[in-house]
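# Observations on the three-dimensional arrangement
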Amino acid sequence: LCKLLDKSYTSNVFSQWEEKSFKWFDGTSTPKYDFIFIYGTIPACNEMVKNVLSVLPNINNAQFLPIIIEGERYYIISTQNVENGVLNRRKSKIIFDKNKTILWVKKYVFYPFTPQSCLFKIEEQVTSFFANQELVDVINKHNFTGIEFKECETKKHSILDIFN
């Protein structure tokens, strides 16, 4: 499962997916939330959320990979929608390693853009997921639990961007 999850960050794994059964880590026998996050970063949702999200017209290419947790079906949400050139690196707070490779983005600041999907990733951090306002509104309207959103800033391009 871990190998497929790692692969799902960059490719379509739906055809290779096999439903697996798991137990709650803390010994709880009933689901706690509509959304859960595996390893803290991989979103999964229950059947009710999947039914609402999967019919959104702008959920382009998102896959819902089934798993069973203590007899309840959940779906790992995977998407290959990656937006390129949208992160304002100069205004974002980024942690680099000694080779200038991005380790983590602590604060995301985007250039103004319209995402091609309501759920997407960015090229600099494919392990993070982003939602547009449409998706946030749908989740809030249905009062789904287990997920919080942080609004990302947007800053226009400036002449200093050529120094990135």
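For every chain, the first residue of the written sequence is number 1, and numbering continues from 1 onward in sequence order. Under the rules for a predicted model, residues below a pLDDT of 70 receive no local features and side-chain atom pairs below 80 are neither given nor counted, while totals for whole chains, interfaces and linings still include all residues. Neither water nor hydrogens contribute to the side-chain values; these are computed over all heavy atoms in the structure.

## Quick notes on helix α3 (residues 133-141)
Listed as buried for α3 are Leu135, Val136, Val138 and Ile139. All buried residues of α3 project into a common sector of 165° when viewed along the axis, lining one side. Turned more than 90 degrees away from the buried face of α3, the exposed residues are Gln133 and Lys141. Next to the buried residues of α3 lie β2 (35-38), α2 (47-53), β10 (119-122) and β11 (125-131). Measuring from the backbone nitrogen of Glu134 back to the side-chain oxygen at the start of α3 gives 3.2 Å, which picks out Asn132 as the cap. The first or second residue beyond α3 is Asn143, which carries a positive phi of 55°. Only protein chains enter the accessibility calculation, which uses a 1.4 Å probe; a residue whose area is less than 20% of its type maximum is buried, one above 50% is exposed, and one in between is partly exposed. A helix here means a DSSP run of H or I that spans at least four residues, while a strand means a run of E at least two residues long, and both kinds are numbered starting from the N terminus. The directions considered for the arc are those from the helix axis to the C-beta atoms. Here, residues are in contact when the closest pair of their heavy atoms is within 4.5 Å. What qualifies as a polar contact is a pair of N or O atoms within 3.5 Å, subject to a donor-acceptor requirement within protein and to the restriction that residues adjacent in sequence count only when both atoms come from side chains.

## Comments concerning the sheet that holds strand β1 (residues 21-22)
Should DSSP find at least two bridges between two strands, the strands are regarded as paired. Read from one edge to the other, the open sheet built from five strands follows the order β1-β4-β5-β3-β2, with strand pairing classed as mixed. Two strands lie at the open edges of the sheet, namely β1 and β2, each paired on one side alone. Bridge count between β2 and strand β3 (residues 42-46): four bridges; the pairing is antiparallel. Residue pairing for β3: Phe37 is matched across the bridge by Pro43.

## Considerations on a nonpolar patch on the surface
Patch members must show over 30% relative accessible area and no salt bridge, and they are joined within 9 Å when carrying like charges or within 5 Å when they are nonpolar side chains of Val, Leu, Ile, Met, Phe, Trp or Tyr. Note on areas: Shrake-Rupley with a 1.4 Å probe; residue coverage comes only from the protein chains shown. Salt bridges, as used here, are contacts in which a Lys or Arg side-chain nitrogen is within 4 Å of a carboxyl oxygen on Asp or Glu. Residues Ile95, Leu103 and Trp104 make up a contiguous nonpolar surface patch of about 280 Å² in total accessible area. If you trace the backbone, Leu103 turns up in strand β8 (residues 102-107).

## Digging into the pairing of strand β5 (residues 72-78)
β5 sits mainly inside the fold: five of its seven residues count as buried. Bridging between β3 and β5 involves three bridges; their strand directions are antiparallel. By the bridge assignment, Cys45 is partnered in β5 with Tyr75. Examined bridge by bridge, strand β4 (residues 63-69) and β5 share seven bridges and lie antiparallel to one another. Across the sheet, residue Ile68 finds its bridge partner in β5, namely Arg73. Between β4 and β5, which pair antiparallel and follow one another directly, the connecting turn spans two residues, one of which, Glu70, has a positive phi of 50°.

## Overview of the pattern of salt bridges
Counted according to the given criterion, the structure contains four salt bridges. Here Glu19 ties to Arg73 by a salt bridge, and the two come within 2.9 Å at their closest N and O atoms. Residue Glu19 is located in the loop between α1 (2-8) and β1, and its partner Arg73 is located in strand β5; the two are separated by 54 residues in the primary sequence. Classification of Glu19 by relative accessible area gives partly exposed; the value is 38%.

## Notes on the sheet that holds β10
Read from one edge of the open sheet, three strands run β6-β10-β11, paired in mixed fashion. A single partner strand is all that each edge strand has here, and the edge strands are β6 (82-83) and β11. For β6 and β10, the ladder comprises two bridges, and the chain directions are parallel. The residue bridging Glu83 from the neighbouring strand is Ile122, located in β10.

## As for unusual backbone geometry
Despite not being glycine, Glu70 has its phi angle at roughly 50°, a positive value. Assignment of secondary structure puts Glu70 in the loop between β4 and β5. Taking relative accessible area as the criterion, Glu70 reaches 34% and is therefore assigned partly exposed.

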